[in-house]
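# Coordinates in review
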Amino acid sequence: MAGRLGLCVRHSQKLLTNFRHLQASSRDTLQSPTFHPHLRRTYCTTKADTQDDIKTKCVRLEERSLVQVAGSDTIPFLQGLVTNDVTCLNFENRVMYTMMLNVQGRVLYDLLMYNLQRTPDSPPYLLLECDHSVVPALIKLLKMYKIRKKVDVSSVTDEYTVWALLPGTTDPPAFVSDSGISVTDPRLPTLGNRVVLKIGTNLVFDCVEGTPEDYHTHRYKLGVGEGVNDLPPGNSLPLESNIAYLNGVSFNKGCYIGQELTARSHHTGVIRKRLMPVTLERPSSLEAGSALTSEKGKNAGKFRHAQGVHGIALVRLAHSHERLTAKVDSGEEVGMKAETPQWWPKDPQQA
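Just so you know, these numbers come straight off a predicted model, no measurement behind them.

Right, let's get into the overall build of the protein. Scanning the protein for helices and strands turns up six helices and 18 strands. Restricting to contacts in the protein with at least 6 residues of sequence separation, those with at least 24 account for 71%. When the accessible surface of the protein is totalled, it reaches about 18500 Å², and 52% of it is carbon and sulfur.

What follows is the structure in structure tokens.
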């Protein structure tokens, strides 16, 4: 033991001597580190310490924005507008995934709803996370249905930021405070944590800086659609978009706009197309909505969007195990393969 201790001391002294020489030689040339403005709000490192320690990636989602809905009538007001049971969004259950549909039962907006209520007895205070591009349309629609209800609807895009914490070895913290909220993504735990912070607030968690591309690649590999690229407003059906698998709908809550088609499809019990992850044979500039063709030349669905070779598409389940192709503008074919997500139930045709 004494021999090992002596070896450690001599090794430490040698390292200290080398460090001092290095410090002296670089004193005149060493410059102050530069900081990116968007990293000042987080305590993130630039790389993981070891290969075994996979650090959480923190990703600022600038394409996601927030709309505030507050007031004594907030819960009954939203209950008649969205697919999920808003009465379950309370002081204990702080986050909920849901959608707003049009009268034909097609998806208008996919939403993550956060409850920032301070005490169980305080008035409801909700933040609705949506695609940045639909904020004006969402506010207009909410105000149209507001009528005389005691509800305040406004954009808080300039007050909060939205982050995704992609899973690592260590679980990120969950919290609710005056500065924001951090919760496990209600759609899938493997999506990691969703964090909403007031602008200027530090996220005190040891994480690695990630990019929006990292987030979209992770999400596409899982087969989770999000935003107008994956769920084009007025062109997507909620059950085909896996809303039931992603905890985004209640079939017992009562009436809401667009409920009839959704309920009928659920009780019929058969879904023939679903949003699925696809792996392209090469990166491509395929347009959203490009037709997919099966190996026998049959219509197999529609391509939605991709990040690199990982993407998402609305695929006919009967052709989901075949090689699929789509054409770019030049007429060249791009091959791809759909994959059945592990989090799906055994029978994906079941509504």
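Let's shift gears to the nonpolar core. Judged by nonpolar contacts, the single largest core of 36 residues is most densely connected at Leu 66, Met 99, Tyr 114, Leu 127, Tyr 160 and Val 196. Sequence-distant contacts of Met 99, defined by excluding residues within four places in its chain, comprise Leu 81, Val 82, Thr 83, Val 107, Tyr 109, Asp 110, Leu 231, Pro 238, Ser 241, Ile 243 and Gly 248.

To continue, consider helix α3 (residues 135–146). In a regular helix each residue adds 1.5 Å, so 12 residues correspond to 16 Å; α3 covers 16 Å between its end C-alpha atoms and thus fits that length. Considered for burial, the residues of α3 that qualify are Val 135, Leu 138, Ile 139, Leu 141 and Leu 142. Across the axial projection of α3, the buried residues extend over an arc of 165°, all falling on one side. Exposed residues on α3 whose side chains face more than 90 degrees from its buried face are Pro 136, Lys 140 and Met 144. Those residues of α3 hidden inside the fold are in contact with β3 (64–70), α2 (74–79), β4 (95–101), β5 (107–115), β6 (125–131) and β7 (152–155). Of the residues trailing α3, Ile 147 is marked for its positive phi of about 50°.

Taken as a whole, this structure holds 13 salt bridges when the rule is applied. Salt-bridge contacts for Arg 64 lead to Glu 129; the nearest nitrogen and oxygen are separated by 2.8 Å. Placement of Arg 64 in strand β3 and of Glu 129 in strand β6 is noted, with a sequence separation of 65 residues between them. In this pair, the class of Arg 64 matches that of Glu 129, namely buried. With a closest N to O distance of 3.2 Å, Arg 194 and Glu 226 form a salt bridge. Taken together, the residues Arg 194 in strand β11 (residues 193–198) and Glu 226 in the loop between α4 (212–222) and α5 (227–230) connect sequence positions 32 residues apart. For the pair Arg 194 and Glu 226, a shared accessibility class is recorded, and that class is buried. Counted as one network, the salt bridges with shared partners bring together Arg 64, Asp 110, Glu 129, Asp 185, Arg 187, Arg 194 and Glu 226.

Right, let's talk about the packing of aromatic side chains for a bit. Enumeration over the complete set of coordinates arrives at three aromatic pairs. Between Tyr 245 and Trp 343, the aromatic rings sit 6.4 Å apart at their centres with planes inclined by 85°, giving edge-to-face as the arrangement. Taken together, the positions of Tyr 245 in the loop between α5 and α6 (259–268) and Trp 343 in the segment after β18 (333–338) put the pair 98 residues apart, joining distant regions of the chain. One aromatic cluster is present, formed by Tyr 245, Trp 343 and Trp 344 through successive ring pairs. Over the aromatic face of Tyr 97 sits the side chain of Arg 187, whose NZ or CZ is 5.7 Å from the ring centroid. Across the ring face of Trp 344, the terminal group of Arg 274 is positioned such that the distance to the ring centre comes to 6.0 Å.

A word on the sheet that holds β5. Taken in spatial order, the five strands line up as β4-β5-β6-β3-β7 in an open sheet, and their pairing is antiparallel. Each edge of the sheet is formed by a strand with only one pairing partner; in this case those strands are β4 and β7. The sheet shows a mean angle of 30° between the axes of neighbouring strands, direction not considered.

Cut-offs used in this document
- Residues numbered from 1 in each chain as written.
- Predicted model: local features only at pLDDT ≥ 70, side-chain atom pairs only at ≥ 80, totals over all residues.
- Heavy atoms only, no water.
- Helix = DSSP H or I, 4+ residues; strand = E, 2+ residues; numbered from the N terminus.
- Contact = heavy atoms within 4.5 Å.
- Areas by Shrake-Rupley, 256 points an atom, 1.4 Å probe, with all protein chains shown as cover.
- Core = buried A, V, L, I, M, F, W, Y, C linked by side-chain atoms within 4.5 Å.
- Buried < 20%, exposed > 50% of the residue type's maximum accessible area, 1.4 Å probe, protein only.
- Expected span 1.5 Å × (residues − 1).
- Arc of directions from axis to C-beta.
- Salt bridge = Lys/Arg side-chain N within 4 Å of Asp/Glu carboxyl O.
- Phe/Tyr/Trp six-rings, centres within 6.5 Å; stacked < 30°, edge-to-face > 60°.
- Lys NZ or Arg CZ within 6 Å of the ring centre and 35° of its normal.
- Pairing = 2+ DSSP bridges.
- Axes fitted to C-alpha atoms, helices over the stretch in contact; angles between N-to-C directions.

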